[in-house]
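Coordinates in review
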Amino acid sequence: MSTRHYFYKGIVLLSAAGLLAACGNEGDIPGTDGGTDTGTDNDNGGNGDDVSLAIMQGKVEFNAQFNELAEMYMDENPNVSIEITSVGGGTDYFTQLTTRFGAGDEPDIFSVAGPNEMEQMADYMADLSDTDAAGAALDGMLDTVTDDDGSISALPYNIEGYGFIYNREIFEEAGIDPEAISTYEDLEEAVQTIDSQLDELDIQAVFALPGAEGWVMGDHLANVFLAHEFNEDVNEAYNAETLEFERGDEFQRMLDLQADYSMEPVLSLDYSQQVEEYFSLGQVAIIQQGNWVYPTLEQMDPEFAENGVGMMPIPLDGHEGQLPVGIPNYWAVNDNNDDATVQAAKDFLDWMYLSDEGKEFVINEFNFIPAYEGYEDMEIGDPLSQVVYDYSQSGETIGWIFNGYPTGYTNNEFGPNLQAYLGGEMTWDEMIDNSIAGWESLQ
Amino acid sequence: MRNKELSFWLFITPVVLSLSLVVILPVFLGFFYSFTDWNGLTFNQFIGFTHYRRLLDDNQFRQSLWFTFRFAFVSIIVLNVIGLSLAMLVTSQLKSRNILRTIFFMPNLIGGLILGFIWQFIFIRVFSALGDFTGIQGLMGWLSTPATGFWGLVILTVWQQAGYIMIIYIAYLQGIPKSLIESANIDGASPFQKFKYIIFPLIAPGFTVSMFLTLSSSFKIYDQNLSLTGGGPYNSTQMVAMNIVDTAFSSNQMAYGQSKAVIFFIIVATFSLSQVYYSKKREVDL
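These figures come from a predicted structure and were not determined experimentally. (Residues numbered from 1 in each chain as written. Chains lettered and ligands numbered in written order. Predicted model: local features only at pLDDT ≥ 70, side-chain atom pairs only at ≥ 80, totals over all residues.)

What about the overall build of chain A?
Filter applied, for reference: Only DSSP runs of H or I with at least four residues qualify as helices, and only runs of E with at least two residues qualify as strands; both kinds are numbered from the N terminus onward. Buried residues are those with 20 or more other C-beta atoms within 10 Å of their own C-beta, exposed residues have 12 or fewer, and partly exposed residues lie in between; C-beta atoms are placed from the backbone.
Of the regular secondary structure elements, chain A holds 19 helices and 11 strands. Per-residue burial for chain A yields a buried fraction of 49% across its 443 residues.

This is the structure we're talking about:
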């Protein structure tokens, strides 16, 4: 999820440059380069059994590796030619996708993220229930894309998960066994134990809560306490007229715990400070983040990243030991095509996730946590991803529902409300009331 | 339009054409879309003033407007006072005046986004380090409260733009005839009297220009806002431009964002034009 926010920022920066230029201001225009990588799909218009697949997808980070994989596939299957267009995530990708559909230049495989995009593309998404990949998907991975009639409209890219990432060494020195923490009370006790010996441990605080990042609190933390209200179903959240905050008290308790024992000032603390400065340099013991921080940690200190970090779930009464695990992106196959092309697209997806070469690539080059069976014997890329994979295998998970929030909810309503609560501008009850009203107004 | 020759029209055609394509036409399109349910690609129907009625109840927009007004008010005053002071300083007999001009102007050459990040570092890290060192509590926790966010933005804007305003004032200060100052000296006018009765009235056109520039730029600030505070904490430092971008691009309510932009355009145009009108009336000709 973090990547989405980086690209979102990129888009905004670009617009900023544009706005400035349009205003004809006296200021100079900062040179920003687009973070997008677009190409046009050229139809080779081959004869016989030749098929060309145009792929358009929104996860630009693995573009290079994905292209390599496509090359391999084309070497194996000379009659298939693949053209990949990767566009930097979020709004930008989806706008370009709809534009391409609008212009009649439709890709044969495309990515969708979340119920909002799926609803808009529903008419174009082929039934994938006959693919091998659909059969091999792990339990629950297809719940949100399965229709009542059993048809499956999309296949997951990969899994991501988040929780409390902790520093093993600090826990050890403080005499706490992270494995033994399961309830909120356990966590609170551990936090207080660490807090009482900050000086001995030579750290600055227990937590680093990035109050400047609405998504860490509004998307990720809140998801733990809101998921069960919507039966862990992102579609139910997407269609909900309102929300209740049934577990609002627990949510408040957890937010307070993080804020009270966090580095100050919480409200200007951002993602990079949280991960790079405070956690990877050993200044705080715990951060609430996901497996996507691993490359960053590795860059800062490979030794620490490899052996020094662990991840545990965010305790929720009655659901202890469950990690929030979800699917950020899905593959869809364009239905508005001849059968041969649709079949070729399905074959490619099957090959990518189920063939030996494909699996090797998915794990080691894409650094994906697979959402499919058949990876049990393989070594997952890094320890944090391993934790997420283990939880998803055992089924001890909490579903992601925040992709079903109304568009812009976290950015413009929920996040600011939570910040106002942390800043003392709102009471918790006002925070709840405003966030409910905000949901209703955007829905 | 006295010159109706063909060459006249030929020469202005490129400007007129590009101006209408990238400014005038989009403005009209914008007005048009604000009355529809446009989603960025297509629109289905006209919905009249629905968006504008909704604006009346939009607390965040109102709050952004109020914040922008306060910000513009403070930064216009501070910018002009400091810009003029700097101009007086570097037109005096100081030995280092040329190097000072360059130094004062330099921040203006750095892009607003980058400046925002640099100042974010200064406010958050350097200030708190200084606060730790000296024990001054006022230096701690900058940008984490609405007040420090506000002043942070003012400081950043003034630091960036004062040099530019200075250049404008320098031009007008140097345009004052030496004979006037000399005769004032002979009459025994004090430095304050010289400033009040000679310099000040003669640089009035400079005020018109500088006020116009600072007014419109303070209202329209976006990049500094984005990179310094990002609107935080809790959107309390979100200015109107940013509110519009968020509405249109992050909440994906293109037409609603467009109606905000129309209102904003009307406000900025009204302020700028009336300011120019009144300042013009005060100018004196030699």
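A closer look at the overall build of chain B
Scanning chain B from terminus to terminus reveals 12 helices and 0 strands. Counting from the amino terminus, chain B carries its helices and strands in the arrangement α-α-α-α-α-α-α-α-α-α-α-α. Taken along its principal axes, the extent of the C-alpha atoms in chain B is 75 × 70 × 30 Å. For chain B, the proportion of its 286 residues judged to be buried stands at 36%.

Focus: the domain arrangement of chain A
Residues and elements named next belong to chain A. Stated formally: How far each domain reaches was decided by an automatic or database domain assignment. Contact between two residues is assigned whenever their backbone-derived C-beta positions fall within 7 Å. In this count, Pro and Cys sit with the nonpolar residues alongside Ala, Val, Leu, Ile, Met, Phe, Trp and Tyr, while Asp, Glu, Lys and Arg are called charged and the others, Gly among them, polar.
Considered domain by domain, chain A is made up of domain 1 (2-27 + 50-159 + 327-374) and domain 2 (161-326 + 400-442). Counting from both sides, the interface comprises 12 residues of domain 1 and, opposite them, 14 residues of domain 2. Those elements that place two or more of their residues in the side of domain 1 that touches domain 2 are helix H1 (2-23) and helix H4 (114-121). Taken together, the residues of the side of domain 1 that touches domain 2 break down into 6 nonpolar, 6 polar and no charged.

Quick look at the environment of A:Asp195
Residues and elements named next belong to chain A. Position of Asp195 among the secondary structure elements: in helix H7 (residues 184-196). On the basis of neighbour count, Asp195 is assigned to the partly exposed category, with 17 C-beta atoms found within 10 Å. Through-space distance from the C-alpha of Asp195 to that of Ala205 is 6.9 Å; in sequence the pair is 10 residues apart.

Focus: the pairing of strand E8 (residues 309-312) of chain A
All names here are of chain A. Spelled out, the test is: Pairing between strands is defined by DSSP: at least two bridges between the two strands are required.
The two faces of E8 differ: Val309 and Met311 on one face are buried, but Gly310 and Met312 on the other face are not. Across 4 bridges, strand E5 (residues 160-167) lies against E8 in antiparallel orientation. Bridge pairing links Asn167 to Val309 in E8.

Quick word on the sheet that holds strand E2 (residues 80-86) of chain A
Residues and elements named next belong to chain A. Taken in spatial order, the 5 strands line up as E2-E1-E3-E10-E4 in an open sheet, and their pairing is mixed. Only two strands of the sheet have a single partner each, and these edge strands are E2 and strand E4 (155-156). Where E4 meets strand E10 (residues 330-333), 2 bridges bridge the pair, whose relative direction is antiparallel. Note that in E10 the partner of Leu155 across the bridge is Trp331.

Considerations on the nonpolar core
Note the threshold: We define a nonpolar core as a collection of buried residues of the types Ala, Val, Leu, Ile, Met, Phe, Trp, Tyr and Cys that are connected via C-beta atoms lying within 7 Å of each other.
Residues A:Ala154, A:Val284 and A:Tyr330 are the most contacted members of the largest nonpolar core, which totals 132 residues. Sorting elements by how many residues they give to this core places helix H9 (residues 214-226) of chain A first, with 8 residues. Of the residues that make up this core, three or more belong to each of domain 1 (2-27 + 50-159 + 327-374) and domain 2 (161-326 + 400-442) of chain A. By size, the runner-up hydrophobic cluster in this structure holds 50 residues, among which are B:Ala72, B:Leu79, B:Leu156 and B:Ile168.

A few points about the UniProt feature "transmembrane region" (unreviewed entry) in chain B
All names here are of chain B. For clarity, the threshold we go by: UniProt positions are given in the numbering used here, feature names are shortened, and annotations may be inferred rather than shown by experiment.
In this numbering, the UniProt entry assigns the feature "transmembrane region" (unreviewed entry) to residues 7-33, 65-91, 103-130, 150-176, 197-219 and 261-278. Measuring from the first to the last C-alpha atom of residues 150-176 gives 37 Å, for a span that is 93% helix and 0% strand. Secondary structure content for residues 261-278 is 100% helix and 0% strand, and the end C-alpha separation is 26 Å.

Concerning H7(A)
Residue and element names in this part refer to chain A. Inclusion rule: Take the residue count of a helix, subtract one, and multiply by 1.5 Å to get its expected span. Of all possible arcs, the one meant is that of the directions from the helix axis to the C-beta atoms.
The first and last C-alpha atoms of H7 sit 18 Å apart over 13 residues, in line with the 18 Å expected at 1.5 Å per residue. Burial in H7 covers these residues: Leu187, Ala190, Val191 and Ile194. When H7 is viewed along its axis, its buried side chains cluster within an angular range of 100° and face the same direction. Those residues of H7 that are exposed and angled more than 90 degrees off the buried face are Glu185, Gln192 and Ser196.

Let's talk about the pairing of strand E3 (residues 109-112) of chain A
Residues and elements named next belong to chain A. What you see with E3 is no split at all: Ile109 and Ser111 on one side and Phe110 and Val112 on the other are buried throughout. The pairing of strand E1 (residues 51-57) with E3 spans 2 bridges and is parallel. Of the residues in E3, the one forming a bridge with Ile55 is Ile109. Looking at chain direction, E3 and E10 are connected through 4 bridges and run antiparallel. Looking at the pairing, Ile109 lines up with Val333 of E10.

Regarding the confidence of the model for chain A
Close inspection of predicted coordinates is inappropriate in any region flagged by low pLDDT. Residue and element names in this part refer to chain A. Worth spelling out the cut-off: Scored from 0 to 100, pLDDT records how confident the predictor is in each individual residue.
On average, residues of chain A score 83 in pLDDT, and 88% of them are at 70 or above. Looking over chain A, one finds the lowest element-wise mean pLDDT in H1, namely 48, and the highest in E10, namely 94. Counting contacts from residues 16-48, a segment whose pLDDT is below 50, to residues more than four positions away or on other chains yields 52 contacts.

Re the environment of A:Tyr184
All names here are of chain A. For Tyr184, the location among the structural elements is in helix H7. Note on Tyr184: 17 C-beta atoms within 10 Å, which makes it partly exposed. Taking the C-alpha atoms as reference, Tyr184 lies 33 Å from Val145; in sequence the two are 39 residues apart. Not counting the four nearest positions on each side in its chain, Tyr184 is found in contact with Arg253, Pro315 and Asp317.

With respect to the environment of A:Ala344
Residues and elements named next belong to chain A. Checked against the element boundaries, Ala344 lands in helix H15 (residues 339-354). Remark: the alpha-carbon pair of Ala344 and Ala240, spanning 104 residues in sequence, is separated by 37 Å. Beyond its immediate sequence surroundings of up to four residues, Ala344 is in contact with Val51, Leu53 and Val80.

Describing unusual backbone geometry
In this chain, A:Glu264 is followed by A:Pro265 through a cis amide linkage whose omega measures -15°. With respect to the helices, strands and loops of the structure, A:Pro265 is situated in the loop between helix H11 (248-260) and helix H12 (271-279). Residue A:Asn231 is not a glycine yet carries a positive backbone phi of 55°. Its 11 C-beta neighbours within 10 Å are what place A:Asn231 among the exposed residues. Positive phi, normally seen in glycine, also occurs at B:Leu143, with a value near 70°. The topology assignment puts B:Leu143 in the loop between helix H5 (112-134) and helix H6 (146-174).

Concerning the confidence of the model for chain B
Confidence in the prediction of chain B, expressed as mean pLDDT, is 87, and 97% of residues score 70 or more. Two summary scores accompany this predicted model of the complex, namely pTM at 0.77 and ipTM at 0.74.

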